[in-house]
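Residue-level structure breakdown
For reference, the chains in residue letters:
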Amino acid sequence: MHNLFLICPDCYIERSIRAKYGNDSFFLTALGTVFDIDTFEYVEEVSQFISNEEVGSIFIVNDYKCTFIQNALFHKKDFNTKSEQVLKYLIRSNREDITSLISADDKAIELAKLNIYRQAFELMEVAFIGNRIQDGLIKVFGLVYDLSLIHI
């Protein structure tokens with residue numbers, strides 16, 4: 001069985017993931033790890049890929065130092081992407097949990113976790129993929145990453 005990692009292409013974490021999980025790892029990318037899985041064609045393609053490549057585990061990975069997480073939290077730059085809009089919505093919806101944290105890193109880690117939960121929930125709602133998860137054919141994991149701590 002292979003692993004599929006859902007990652008942000010801006011974080012450049014593929015190499016460190018391969019070093020830890022092996023070269024037979026696959027990657028699906030979306031800015032800020034915010035995937036738009038509402039179209040039937042896209043879901044069908046991903047589902048087919050999962051079947052063809054015998055994916056047994058999906059890892060939703062967020063580097064908490066991701067540009068999009070940092071921008072959403074601290075308004076460094078606003079590219080007005082869908083990922084930033086979703087992340088800002090998560091911040092508004094969980095304002096007390098995030099603002100109660102003192103350090104900037106803790107706030108970013110919390111937002112990364114919330115984004116992972118959101119994406120996992122969306123995967124569960126997708127017919128082709130969610131059914132396999134519920135049946136135990138695919139396991140879903142969340143990883144909060146800090147590439148600056150990884151030494152290769």
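Keep in mind the model is a prediction, meaning the values are calculated, not measured.

Reading the values: rules and limits
- Residues numbered from 1 in each chain as written.
- Predicted model: local features only at pLDDT ≥ 70, side-chain atom pairs only at ≥ 80, totals over all residues.
- Heavy atoms only, no water.
- Helix = DSSP H or I, 4+ residues; strand = E, 2+ residues; numbered from the N terminus.
- Rg over C-alpha atoms; globule rule 2.2 N^0.38 Å.
- Buried < 20%, exposed > 50% of the residue type's maximum accessible area, 1.4 Å probe, protein only.
- Contact = heavy atoms within 4.5 Å.
- Pairing = 2+ DSSP bridges.
- Axes fitted to C-alpha atoms, helices over the stretch in contact; angles between N-to-C directions.
- Right-handed = clockwise from strand over helix to strand, strands pointing away.

**Notes on the overall build of the protein**
Across its full length, the protein carries seven helices and four strands. Expected size for 152 residues packed as a compact globule is a radius of gyration near 15 Å; at 15 Å, the protein falls within 12% of this value. C-alpha extents for the protein along the principal axes are approximately 45 × 35 × 25 Å. Evaluated residue by residue, the protein yields a buried proportion of 43% over its 152 residues. Summarising the internal contacts of the protein: among those between residues at least 6 apart in sequence, 66% fall at separations of at least 24.

**Brief notes about the sheet that holds strand β3 (residues 55-63)**
Strand order across the open sheet formed by four strands is β2-β1-β3-β4, with parallel pairing between neighbours. Unpaired on one side and paired on the other, β2 (25-29) and β4 (139-145) mark the two borders of the sheet. The average angle at which neighbouring strand axes cross in this sheet is 25°, direction not considered. Relative to β2, strand β1 (residues 2-7) runs parallel, the two sharing five bridges. When the sheet's bridge partners are listed, L6 is paired in β2 with L28. Packing of helix α6 (residues 104-125) onto the sheet brings it into contact with β1, β3 and β4, and relative to β3 it is tilted by some 150°.

**Regarding helix α3 (residues 67-74)**
Most of α3 sits inside the fold, with six of its eight residues counted as buried. Along α3, the residues classified as buried are F68, I69, Q70, N71, A72 and L73. Elements in contact with the buried residues of α3: β3, α4 (82-93), α5 (95-99) and α6. Positive phi appears at H75, one or two residues downstream of α3, with a value of about 55°.

**Focus: the pairing of β1**
Of all six residues in β1, five are buried; the element is thus mostly enclosed. Bridge count for β1 against β3 is five bridges, and the pairing is parallel. Residue L6 lies in a different strand from β3, and its bridge partner there is I60. Following the backbone out of β1, through helix α1 (residues 14-21) and into the adjacent parallel β2, one traces a crossover that is right-handed.

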